[in-house]
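Structural characterization, general
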Amino acid sequence: MKKILVYVLLLFFSLLFIAPLFWAVTTALKSQSELYLFPPKWIPSVWKFSNFSEAWNIQPFNMFLKNTLIITILSTFGQLISCTLVAYGFARFQFKGRDFLFLVVLATMMIPWEVTMIPQYMLFNVLGWINTLKALIVPSFFGSAYFIFLLRQFILTIPRELDEAATIDGANKLTVLTRIIVPLMGPSLILVAVFQVMGCWNDYLGPLIFLNDQTKYTLTLGLSQFKGMYGVDMQSIMAITVLISIPPLAIFFFAQRYIVGGIATTGIKG
């Protein structure tokens, strides 16, 4: 009886979470006359798959996709490199004030991005990075406190004897990191990559603040172009929303095993 109740609750909450996605898909496939019917019609009479291509071609979404891919790929690469190096330093190096410095890094997670937004804008304006993709890419090469914490905790679970054995064989610190530590960090690195990809792919506020030229727009900014002063193109919004939701869902589906493994093995040792 208890198991049946659990399954019923799981099914209920699953349907609750799937309902908005189902509504977006069916709305994207509806004809214009069925969009604003009341009571709403869940299943369209005619499935108009042409709505997706029409919505994609209304705005230059190929260009938006290219900009988004550039930002996402380079930002993810920057986070992986910088966070791995910093996490390795905190986990393996002994130096004065290390624990205090690590607490300072963790404390930065309590500062909301809205607080640093204006100083960042002023700095990027001085550097001439406003209305360029640099403003959305370069900060990733300076690491993220949350990702540094995740990777540090994972490195602490790796026995130091492996480092010592490699050092005896003549390996330096960088060789130990690249040949021993990084190959063992696969699940955690995939976890960081997935989180970063989803964050960049869905980011709206950052591009909205730092980008002015439409040729630099990302997919999220392109999606907002369907909302005008005198109306909202709901059909196109839903069609593009469904299309740009496919890559994150696919990445999460294929990387789910690594995500669960990365989270489960993080924080075992402090």
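Attention now moves to the overall build of the chain. Looking only at helices and strands, one finds 13 helices and zero strands in the chain. Summarising its shape, the C-alpha atoms of the chain cover approximately 75 × 65 × 30 Å along the three principal directions. The buried share of the chain, reckoned over its 270 residues, is 38%. Accessible surface, the chain as shown: approximately 16200 Å² in total, 72% of it carbon and sulfur.

Moving on, we come to a nonpolar patch on the surface. Taken together, the side chains of Leu-69, Ile-70, Ile-73, Leu-74, Phe-77, Ile-81, Leu-85, Val-86, Phe-141 and Phe-142 define a hydrophobic patch exposed on the protein surface, amounting to about 910 Å² of accessible area. Relative to the elements of secondary structure, Ile-70 occurs in helix H3 (residues 61-92). On the basis of relative accessibility, which here comes to 32%, the residue Ile-70 falls in the partly exposed class.

A word on the nonpolar core. Residues Phe-61, Leu-219 and Ile-240 are the most contacted members of the largest nonpolar core, which totals 30 residues. Counting only elements with at least two residues in this core, the list comes to helix H1 (2-28), helix H2 (50-58), H3, helix H6 (134-137), helix H12 (219-224) and helix H13 (234-264). Here the element with the most residues in this core is H13; it accounts for six residues. Apart from the residues lying within four places of it in its own chain, the contact partners of Ile-240 are Ala-55, Trp-56, Phe-61, Leu-223 and Phe-226. Judged by nonpolar contacts, the second largest core, of 27 residues, contains Phe-154, Ile-181, Leu-189 and Val-192.

Let us look at the packing of H3 against helix H10 (residues 186-202). At their nearest, the axes of H3 and H10 sit 9 Å apart, and the two run at 145° to each other. For the crossing formed where H3 meets H10, the hand is right-handed. In contact with Leu-65, Thr-68, Leu-69, Ile-71, Thr-72, Ser-75, Thr-76, Gln-79, Leu-80 and Thr-84 of H3, H10 contributes Leu-189, Val-192, Ala-193, Gln-196, Val-197, Cys-200 and Trp-201. Of the residues assigned to the contact of H3 with H10, the class counts are ten nonpolar, seven polar and no charged.

Let us look at the side chain of Thr-220. In this structure, Thr-220 sits in helix H12. Among the residues examined, Thr-220 registers a relative accessible area of 12% and is labelled buried. Beyond its immediate sequence surroundings of up to four residues, Thr-220 is in contact with Trp-201, Asn-202, Asp-203 and Tyr-204.

Applying the stated criterion across every chain yields a total of 15 aromatic pairs. Ring geometry for Phe-77 versus Phe-141: centroids 6.3 Å apart, planes at 65°, classification edge-to-face. Taken together, the residues span a long stretch of sequence, with Phe-77 in helix H3 and Phe-141 in the loop between H6 and helix H7 (145-156) at a distance of 64 residues. For Phe-77, a relative accessible area of 48% corresponds to the partly exposed category. Taken together, a centroid distance of 5.3 Å and an interplanar angle of 65° make the contact between Phe-124 and Phe-210 edge-to-face. With Phe-124 in helix H5 (residues 113-127) and Phe-210 in helix H11 (residues 205-210), this pair connects stretches of sequence that are 86 residues apart.

Across the interface, helix H9 (residues 173-184) lies against H10 with an axial gap of 5 Å and an inter-helix angle of 70°. Taken together, the axes of H9 and H10 are roughly perpendicular relative to one another. Residues Val-182, Pro-183 and Leu-184 of H9 form the contact with H10, whose participating residues are Gly-186, Pro-187 and Leu-189. In terms of residue class, the contact of H9 with H10 is built from five nonpolar, one polar and no charged.

With respect to the secondary-structure elements, Asp-213 resides in the loop between H11 and H12. Along the primary structure Asp-213 and Thr-132 are separated by 81 residues, whereas in three dimensions their C-alpha atoms are 8.8 Å apart.

Thresholds applied
- Every chain is numbered on its own, with residues counted from 1 as its sequence reads.
- Reporting of local features is limited, given that this is a predicted model, to residues whose pLDDT is at least 70; pairs of side-chain atoms are given and counted only at 80 or more, and all residues count toward the totals for whole chains, interfaces and linings.
- Each side-chain value is worked out from all heavy atoms of the structure, with water and hydrogens disregarded.
- We count a stretch as a helix when DSSP gives it H or I for four or more residues in a row; a strand needs E for two or more, and each element gets its number in order from the N terminus.
- Relative accessibility decides the category of a residue: with a 1.4 Å probe and only protein chains considered, values under 20% of the type maximum give buried, values over 50% give exposed, and everything between is partly exposed.
- Exposure was quantified through the Shrake-Rupley algorithm and a 1.4 Å probe, taking into account, for residues, occlusion by the shown protein chains and nothing else.
- To count toward a patch, a residue needs a relative accessible area above 30% and no salt bridge. Like charges then connect within 9 Å, nonpolar side chains (Val, Leu, Ile, Met, Phe, Trp, Tyr) within 5 Å.
- A pair is scored as a salt bridge if a Lys or Arg side-chain nitrogen falls within 4 Å of a carboxyl oxygen belonging to Asp or Glu.
- What makes a nonpolar core is a set of buried Ala, Val, Leu, Ile, Met, Phe, Trp, Tyr and Cys residues whose side-chain atoms join them at distances within 4.5 Å.
- Residue contacts are defined here by distance: any two heavy atoms, one from each residue, within 4.5 Å place the two residues in contact.
- Every axis in this analysis is a line fitted to C-alpha atoms, fitted for helices over the stretch in contact. Angles between the N-to-C directions lie between 0 and 180 degrees.
- Crossings are assigned a handedness: left-handed for a near helix turned anticlockwise from the far helix by less than a right angle, right-handed for a clockwise turn.
- Just so you know the grouping, Ala, Val, Leu, Ile, Met, Phe, Trp, Tyr, Cys and Pro go in nonpolar, Asp, Glu, Lys and Arg go in charged, and all remaining residues, Gly too, go in polar.
- Any two of the Phe, Tyr and Trp rings considered here, Trp counted by its six-membered ring, make a pair once their centres fall within 6.5 Å; the pair's planes then place it as stacked at under 30 degrees, edge-to-face at over 60, or tilted in between.
- Put simply, angles under 35 degrees are roughly parallel, angles over 145 are roughly antiparallel, angles from 65 to 115 are roughly perpendicular, and the rest are oblique.

As far as function goes, none of this settles anything; it's purely spatial.
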